[in-house]
Amino acid sequence: MPALDRKANAAFAGKVVRKDLVRKVKVGANVPVYVLEYLLGKYCATDDPQAIEAGLRLVKTTLANNFVRPDESNKAQSYVKEKGKHTFIDKVKVRYLSDDDKYWAELVNFGHKFVHVPDHFIRKYDLLLMGGIWAQIDIRHEYDDTARGKRSPFWIDEIKPIQLGSFNFEDYRTYRKEFDSNDWVDLLVRSIGLEPAYFSRRQKLLLLVRLIPLCEQNYNLVELGPRGTGKSYAFQEISPYAILLTGPTTVANLFYNLATGKMGLVGLWDAIAFDEVADLQKMPKEVVTTLKTYCESGTFARGKEALTGHAAITFFGNTNQPVEVMVRSSHLFIPMPEVIREDMAFLDRIHYYIPGWEIPKMRMEFFTEHYGFVVNYLAEALRALRKHNYTEIADRYYSLGSHLNARDVKAVRKTVSGLVKLIYPHGEVAKDELSELVEMALEGRRRVKEQLKKMGSFEYHQTSFSYMDIETREERFVGVPEQGGRDMISSDPLAPGSVYTASVDDQGRVGLYRLEVGCSPGTGKLKIAGGIEGIMKESIQRAFAYLSGQKVKMGISQQVDTTDFHVEAIDLLSNRIPCEAGIALIVAVYSAVKKNSVLPGLLILGDMSIQGNIKPLRSLAEPLQVGMDNGARRALIPLENKRNFLEVSGDIVERVDPIFFSDPMTASMKALGMT
């Protein structure tokens, strides 16, 4: 037996199981995985092939003879009546009824809600009162001569749990100390059925981040990536305390039903996952609005009540393009439904974005044949960890950088807390080990922030995430592979007729476009592509009308009269924020007819009136910041905005050269480098 398997069996005897045996028995057995694993852990915890075969036969025989199917409940009750007693495998729940001053057991598949149960079982197996347990139950039929209250002919004589009946958290933490962090991470990866030898350290940690919602209250997670990478496995198979939703839901179902007065899913489950998130497009806006409030504070209002929930929220979705294409042409939230994707305030509440494209698609060799935790034991450990808080643990050695706002700090702290719970549940973590977790947390939150910045909002421009060693005062910056979508504005010269332009709306959001003007023989007409609408279309038409009136002064009369101009605008940020592009249109047409490219890395700002008067921008800082982040090296700026240049950060002043202009002709000449 390999060393890690031997160590796991010694420390957690009966609580680990060979994962390949589970896959063998799972086929045809319609019982939860954690029930199968508990039985296998009980009868097959050995490396002797003959003993394993005998154990498998015993498991299969036990299931065949004693498992009750839900559609056979009447038959099972009749069988007990005729025989007097029988043993079943079923899920048993216990509740206390004050009217009877008595505990009553419910056998789910047996189909009876009032079964007598001795009190000592409730004291011995506390999980009976918290949702119930699967067990092997000895039940007998006997006349009930109780003088008062409800009567029932069914009595429980024995309960033998075949899932965990109770959980000792201190034992779990104590035995963790016998493993180093690498072995413990490998054991956790094997517990979810995968062989760690096929994954890098980074991939293993990303797999464990999927489990954070199960051990960290009110944690908000997103994973978008290719199909077949096992995104939703943990919510389907590992924990009985998590639920996987596969379509739109309602406020009543998710939060609180005013008609029945019953709490929704956020009060009943530890974690709620939305699978195939693109299918949520038809989800009512009211759900998104309430969910936005809940993801921020864990509270929500229904009727006159302000209610609280502790469920974590997770979104899983599939990407239809390579990540390189998404980064170059749009942003990484594109697979999300529009009702969520367009709500930047909602996206800002996400604590971590798992880069699903870094996790390989599952292949048969990825599944382990070694020992891992019985998933029910792991689920109980994760649930017990929800009561503990490690959000301040990073402060032992590190402080977070100045670019992190309150939401960023909260997200990073919760991620670090979740990873500590998973890898260091005993709370003993070394400085270098903590550094690894802090960097992982910063990266996942920065990935969220970078997309918000690319979507055009200036308030999210501070994304240089860092952390500082309290002792040495050394500051370390943490990036993301797809950082900032740089080079969206090419440093190479564009073809004649193509320019980059940007503008800012009244909410401080920036639209960034590449404007392309093509020429064909004609009579001086302007032909605008279908995607250009609203104020952008009006600004282009206005600028072209001015150009047509000033073509002689500009020295392009003949070319304009014999050419039709085709205009197309490419939304580089895919945020559909309209752009007032009058000056950009003038420069693009001038560049096209002169067959001369504009300066490389040039961003053109400003609009104009029908008479050629320059309209300054509302603000200069936002479009210049977005332009710089996406590769701009110089900017053509209305002269009237020169005074606004004092508001621009030193970083922009250092990296983006301003070129001021006072009229359209000067703008055209300077853009082409003719002056």
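Residues numbered from 1 in each chain as written. Predicted model: local features only at pLDDT ≥ 70, side-chain atom pairs only at ≥ 80, totals over all residues. Heavy atoms only, no water.

S.K.: Teacher, can you tell me more about the nonpolar core here?
M.R.: What tends to happen in soluble globular proteins is that the nonpolar side chains get buried as a cluster. Judged by nonpolar contacts, the single largest core of 92 residues is most densely connected at Phe-12, Leu-40, Tyr-172, Phe-235, Phe-373 and Leu-422. Apart from the residues within four sequence positions on either side, Tyr-172 is in contact with Phe-12, Phe-167, Trp-184, Phe-373, Tyr-377, Leu-378, Ala-381 and Pro-425. Core analysis: the next-biggest nonpolar cluster, separate from the first, contains 42 residues, Ile-243, Tyr-256, Val-287 and Val-327 among them. (Core = buried A, V, L, I, M, F, W, Y, C linked by side-chain atoms within 4.5 Å. Buried < 20%, exposed > 50% of the residue type's maximum accessible area, 1.4 Å probe, protein only. Contact = heavy atoms within 4.5 Å.)

S.K.: So what exactly am I meant to see when it comes to the packing of aromatic side chains here?
M.R.: Centre-to-centre distance and the angle between the planes together describe a pair of aromatic rings. Summed over all chains, the structure comprises 35 aromatic pairs. For the pair Phe-255 and Tyr-294, a centre-to-centre distance of 5.9 Å together with 65° between the ring planes defines the contact as edge-to-face. Note that Phe-255 is positioned in the loop between α12 (251–254) and β9 (256–257) and Tyr-294 in helix α14 (residues 285–297), a separation of 39 residues in sequence. As far as the burial class goes, Phe-255 and Tyr-294 line up, both buried. With centroids separated by 5.9 Å and ring planes inclined at 65°, the aromatic side chains of Phe-315 and Phe-346 adopt a geometry described as edge-to-face. One end of the pair, Phe-315, is in strand β14 (residues 312–318); the other, Phe-346, is in helix α17 (residues 344–347), and 31 residues separate them in sequence. (Phe/Tyr/Trp six-rings, centres within 6.5 Å; stacked < 30°, edge-to-face > 60°. Helix = DSSP H or I, 4+ residues; strand = E, 2+ residues; numbered from the N terminus.)

S.K.: Help me understand empty space enclosed by the protein in this model?
M.R.: Empty pockets left among the atoms are what a rolling probe the size of a water molecule brings to light. Following the criterion strictly, the structure yields two cavities of 30 Å³ or more and no others. Mapped onto the lining of the largest cavity, the elements with two or more residues apiece are α14 and α19 (406–423). The computed volume of the second largest cavity comes to approximately 30 Å³. Surrounding the second largest cavity, Asn-220, Cys-295, Phe-315, Phe-346, Arg-349 and Ile-350 form its lining. By residue class, the composition of the lining of the second largest cavity is four nonpolar, one polar and one charged. (1 Å grid on protein atoms, 1.4 Å probe; cavity = no way out; pocket = protein on both sides within 12 Å on 5 of 7 lines; lining within 4 Å. Points joined across faces, edges and corners; volume = space filled by probe spheres on them. Nonpolar A, V, L, I, M, F, W, Y, C, P; charged D, E, K, R; others polar.)

S.K.: Explanation requested: the pattern of salt bridges in the structure shown.
M.R.: Side chains bearing opposite charge may pair, as long as their charged atoms lie close to each other. If you walk through the whole model with that rule in mind, you get 46 salt bridges. Between Glu-358 and Arg-202 there is a salt bridge; the shortest N-O distance is 2.6 Å. Taken together, the residues Glu-358 in the loop between β15 (352–355) and β16 (371–373) and Arg-202 in helix α9 (residues 201–209) connect sequence positions 156 residues apart. Judged by relative accessible area, which is 27%, Arg-202 ranks as partly exposed. Between Asp-505 and Arg-509 there is a salt bridge, with its nearest N and O atoms 3.0 Å apart. The class of Arg-509 is partly exposed, set by a relative accessible area of 27%. Each of Glu-296, Asp-348, Arg-349, Arg-407, Asp-408, Arg-445 and Lys-449 takes part in a single network of salt bridges with overlapping partners. (Salt bridge = Lys/Arg side-chain N within 4 Å of Asp/Glu carboxyl O.)

S.K.: In this structure, what is going on with the sheet that holds β14? I would like to understand it.
M.R.: Where strands meet in a sheet, backbone hydrogen bonds hold them as pairs that are either parallel or antiparallel. Reading across the sheet, the five strands line up as β8-β11-β14-β7-β15 and stay open at both edges, with parallel pairing between neighbours. Only two strands of the sheet have a single partner each, and these edge strands are β8 (242–245) and β15. Taken pair by pair, the neighbouring strands of this sheet meet at an average axis angle of 20°, ignoring direction. The pairing of strand β7 (residues 220–225) with β14 spans six bridges and is classified as parallel. Counterpart to Asn-220 in the pairing with β14 is Ile-313. The sheet strands contacting α9 are β7 and β15, and the helix crosses β15 at an angle near 130°. (Pairing = 2+ DSSP bridges. Axes fitted to C-alpha atoms, helices over the stretch in contact; angles between N-to-C directions.)

S.K.: Could you clarify how one ought to interpret helix α3 (residues 33–43) in this entry?
M.R.: Along an α-helix, a turn takes 3.6 residues, which lines up residues three or four apart on a common side. Most of α3 is tucked away, with eight of its 11 residues classed as buried. Here α3 has its buried residues at Val-33, Tyr-34, Val-35, Leu-36, Glu-37, Leu-39, Leu-40 and Gly-41.

S.K.: Would you mind showing me how to read the environment of Leu-605 here?
M.R.: Take Leu-605: it is sitting in the loop between β24 (602–604) and β25 (607–608). Put simply, Leu-605 and Ala-635 are 30 residues apart on the chain and 7.2 Å apart in space, counted from C-alpha to C-alpha. Once residues lying within four places of it in the same chain are set aside, the contact partners of Leu-605 are Ala-502, Ile-583, Leu-617, Leu-620, Pro-623, Leu-624, Leu-636, Ile-637, Pro-638 and Phe-661.

S.K.: Just checking my understanding: could you explain the pairing of strand β13 (residues 305–308) for this structure?
M.R.: With four bridges joining them, strand β12 (residues 299–302) and β13 adopt antiparallel strand pairing. Residue pairing across strands places Thr-299 opposite Thr-308, the latter belonging to β13. Hairpin geometry of β12 and β13 is characterised by an intervening segment of two residues between the two adjacent antiparallel strands and by a positive phi of about 65° at Gly-303.

S.K.: Is there a simple way to think about the packing of α9 against helix α20 (residues 431–454) in this case?
M.R.: Helix packing geometry: the angle between the two helix axes and the distance between the axes. Remark: α9 packs on α20, axes separated minimally by 12 Å, with the N-to-C direction vectors making an angle of 70°. The angle between α9 and α20 places the two elements in the roughly perpendicular class. Note on packing geometry: the crossing formed by α9 with α20 is right-handed. Packed against α9, whose contacting residues are Arg-201, Arg-202, Leu-205 and Leu-206, the element α20 presents Glu-436, Met-440, Glu-443 and Arg-447 at the interface. Taken together, the residues of the contact of α9 with α20 sort by class into three nonpolar, no polar and five charged. (Parallel < 35°, antiparallel > 145°, perpendicular 65-115°, else oblique. Left-handed = near helix turned anticlockwise from the far one by under 90°.)

S.K.: Explanation requested: unusual backbone geometry in the structure shown.
M.R.: Only a minority of non-glycine residues have a phi that is not negative, and only a minority of peptide bonds are not trans. Positive phi values are uncommon outside glycine, yet Asn-218 reaches one of about 55°. Assignment of secondary structure puts Asn-218 in the loop between α10 (212–215) and β7. The residue Glu-276 is not glycine, and still its phi comes out positive at about 50°. Topologically, Glu-276 is positioned in the loop between β11 (271–274) and α14.

S.K.: Quick question: what am I supposed to make of the sheet that holds strand β22 (residues 526–528) here?
M.R.: With mixed pairing, the seven strands of this open sheet are ordered in space as β22-β23-β21-β20-β24-β27-β28. Strands at the two margins of the open sheet, each flanked by one partner only, are β22 and β28 (657–661). Within the sheet, the average angular offset between the axes of one strand and its neighbour, ignoring direction, is 30°. Sheet topology places β22 next to strand β23 (residues 563–571); three bridges connect them, and they run parallel. If you follow Ile-528 over to β23, its bridge partner there is Val-567. Contacting β21 (510–521), β22 and β23, helix α21 (residues 534–549) crosses the sheet at an angle of about 170° to β22. Together, β20 (498–504), β21, β24 and β27 (634–638) form the strand contacts of helix α24 (residues 621–629), whose direction differs from that of β21 by roughly 75°.

S.K.: How should the pairing of strand β2 (residues 85–97) be read in this particular structure?
M.R.: Within a regular beta strand, the side chains point alternately toward one face of the sheet and then the other, so they alternate between its two faces. Strand direction decides the pairing type here: β2 and strand β5 (residues 133–141), joined by eight bridges, are antiparallel. Within β5, the position partnered with Ile-89 by the bridge is Gln-136. Relative to strand β3 (residues 102–107), β2 is paired through six bridges, and the arrangement is antiparallel. Bridge pairing links Lys-93 to Glu-106 in β3. Connecting the antiparallel pair β2 and β3 is a turn made up of four residues, with Asp-101 showing a positive phi of about 50°.

S.K.: What am I meant to see in the side chain of Asp-505 here?
M.R.: Relative to the assigned elements, Asp-505 resides in the loop between β20 and β21. A polar side-chain atom of Asp-505 sits 3.0 Å from the main-chain amide nitrogen of Gln-507. A polar contact of 2.8 Å, which involves the side chain of Asp-505, links it to the backbone nitrogen of Arg-509. Here Asp-505 is in contact with Ile-577 and Arg-618, once residues within four sequence places are set aside. (Polar contact = N/O pair within 3.5 Å; in protein donor to acceptor, adjacent residues only side chain to side chain.)

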